[in-house]
Amino acid sequence: MPDEVRYERIGAAAVLTIDRPERRNAVDGPTAEALKSGYESFEADDEARVLVLTGGGDVAFCAGADLKAIDTLSTRIPDRAGPLGFTRLTPSKPTLAAISGWCLAGGLELALWCDLRIAAEGSQLGFPERRWGVPLIDGGTQRLPRIVGLGRGLDLILTGRIVASDEALAMGLVTEVVPAGRHLERALEMAEGLASFPQQTMLADRRAAIEGFGLPLDAGLALEAQSGLETLAVAQQGAARFAGGEGRGGSGAGV
């Protein structure tokens with residue numbers, strides 16, 4: 001894996017960092033291949049329970065595809081994994097984006113690929129490639145409306161306007177806004193919290209939510225019911241712990 005993409009384990013998290021500050025962490029062909037390799041390492045590591053995706057430095061999370069090296073990405077457009085590495089794949093474990101600064105174009109699509117998004121104050125998010133006729137091909141047209149709703153999604157997709165972190169939080173585009181410089185620290189805190197929960201049921205609930213989205217309600221409920229049956233033993237153990245006095249008053253809830 002080239003130095004421009006780093007994969008490292010920090011506690012229960014795998015941290016995947018795009019480190020091309022001179023290009024605002026924009027992604028060219030080799031970077032995309034390295035991101036895919038990092039994703040595959042995460043999926044293969046049973047001890048890595050959460051993936052944290054971030055950008056090196058505080059200036060940018062990712063400015064999208066490197067338009068000065070667009071030729072290096074052209075052959076990746078039909079790739080089943082996605083042009084920017086893994087954006088057409090669905091991970092089996094939780095993912096978080098730790099955002100600081102510019103989160104634009106394909107960079108926003110990478111952030112939308114994640115389950116949760118932590119943004120530092122002052123971050124800027126949007127699809128300004130609208131100005132140049134560059135299409136969204138890394139999941140943005142599908143994931144953004146699912147996250148913020150069709151109306152707000154079309155606002156950003158059609159106009160290409162850039163929103164600040166406070167507006168992004170208000171519309172549900174980001175999960176949490178933290179003081180500048182604390183985005184990765186908070187993402188790692190959340191990763192440890194997610195890793196501390198009983199994994200079988202958390203992963204089953206996550207899978208049911210993702211796979212059930214867009215299904216008719218009865219089909220989604222059937223998917224959830226099947227998931228409940230598969231995790232019944234774990235649920236019974238957890239209920240017994242609660243009955244024994246653990247977790248009263250909401251203790252231990254949230255991350």
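To start, this report covers the structure provided alongside it. (Residues numbered from 1 in each chain as written. Predicted model: local features only at pLDDT ≥ 70, side-chain atom pairs only at ≥ 80, totals over all residues. Heavy atoms only, no water.)

## Notes on a nonpolar patch on the surface
A contiguous nonpolar surface patch, about 350 Å² in accessible area, is contributed by Leu 67, Ile 70 and Trp 132. If you trace the backbone, Ile 70 turns up in the loop between strand S4 (60-62) and strand S5 (95-99). (Patch = residues over 30% accessible without salt bridge, like charges linked within 9 Å, V, L, I, M, F, W, Y side chains within 5 Å. Areas by Shrake-Rupley, 256 points an atom, 1.4 Å probe, with all protein chains shown as cover. Salt bridge = Lys/Arg side-chain N within 4 Å of Asp/Glu carboxyl O. Helix = DSSP H or I, 4+ residues; strand = E, 2+ residues; numbered from the N terminus.)

## Focus on the sheet that holds strand S3 (residues 50-55)
Pairing is mixed in the open sheet, where six strands are placed in the order S1-S2-S3-S5-S7-S10. What marks the edges here is a single partner per strand, and that holds for strand S1 (5-10) and strand S10 (176-178). Strand after strand, the sheet turns through a mean of 20° between neighbouring axes, direction not considered. As judged from the three bridges shared by strand S7 (residues 116-120) and S10, these two strands associate in the parallel manner. The partner of Ala 120 across the bridge, within S10, is Val 178. Packed on one face of the sheet, helix H6 (residues 183-196) meets S1, strand S2 (13-18), S3, S5, S7 and S10 and runs near 175° to S3. (Pairing = 2+ DSSP bridges. Axes fitted to C-alpha atoms, helices over the stretch in contact; angles between N-to-C directions. Contact = heavy atoms within 4.5 Å.)

## Points about the pairing of S5
Here S5 lies mainly inside the structure; five of its five residues are buried. Side-chain alternation along S5 places Thr 95, Ala 97 and Ile 99 on one buried face and Leu 96 and Ala 98 on a second face that is also buried. Summarising the sheet, S5 and S7 pair through four bridges and their orientation is parallel. For Ile 99, the partnering residue across the bridge sits in S7 and is Ala 119. (Buried < 20%, exposed > 50% of the residue type's maximum accessible area, 1.4 Å probe, protein only.)

## Considering the pattern of salt bridges
Under the criterion given, the structure shown has 15 salt bridges. Asp 79 is paired through a salt bridge with Arg 76; the nearest N and O atoms lie 3.8 Å apart. Residue classification places Arg 76 among the buried residues on the basis of a relative accessible area of 4%. Among the salt bridges present, the one from Arg 182 reaches Glu 189, with a minimum N-O distance of 2.7 Å. A network of salt bridges, in which partner residues are shared, links Glu 4, Arg 20, Arg 23, Asp 28 and Asp 66.

## With respect to the side chain of Ser 165
Among the secondary structure elements, Ser 165 is positioned in helix H5 (residues 165-170). A distance of 3.3 Å separates the side chain of Ser 165 from the backbone nitrogen of Gly 122, its partner in a polar contact. Discounting chain neighbours no more than four positions away, the residues touching Ser 165 are Ala 120, Glu 121, Gly 122, Ser 123, Val 174 and Val 177. (Polar contact = N/O pair within 3.5 Å; in protein donor to acceptor, adjacent residues only side chain to side chain.)

## Quick notes on the nonpolar core
By size, the foremost hydrophobic cluster in this structure holds 42 residues, and its most contacted members are Phe 61, Phe 86, Leu 110, Leu 125 and Leu 173. Dropping the residues within four chain positions of it, Leu 110 is found in contact with Ile 18, Val 27, Leu 53, Phe 61, Cys 62, Leu 84, Phe 86 and Thr 87. (Core = buried A, V, L, I, M, F, W, Y, C linked by side-chain atoms within 4.5 Å.)

## Comments concerning the environment of Val 5
Looking at the element boundaries, Val 5 is found in strand S1. Overall, Val 5 belongs to the buried group, its relative accessible area being 2%. Separated by 99 residues in sequence, Val 5 and Leu 104 have C-alpha atoms that sit 18 Å apart. The contacts of Val 5, once residues within four sequence positions are left out, are Leu 16, Thr 17, Thr 31, Ala 34 and Leu 35.

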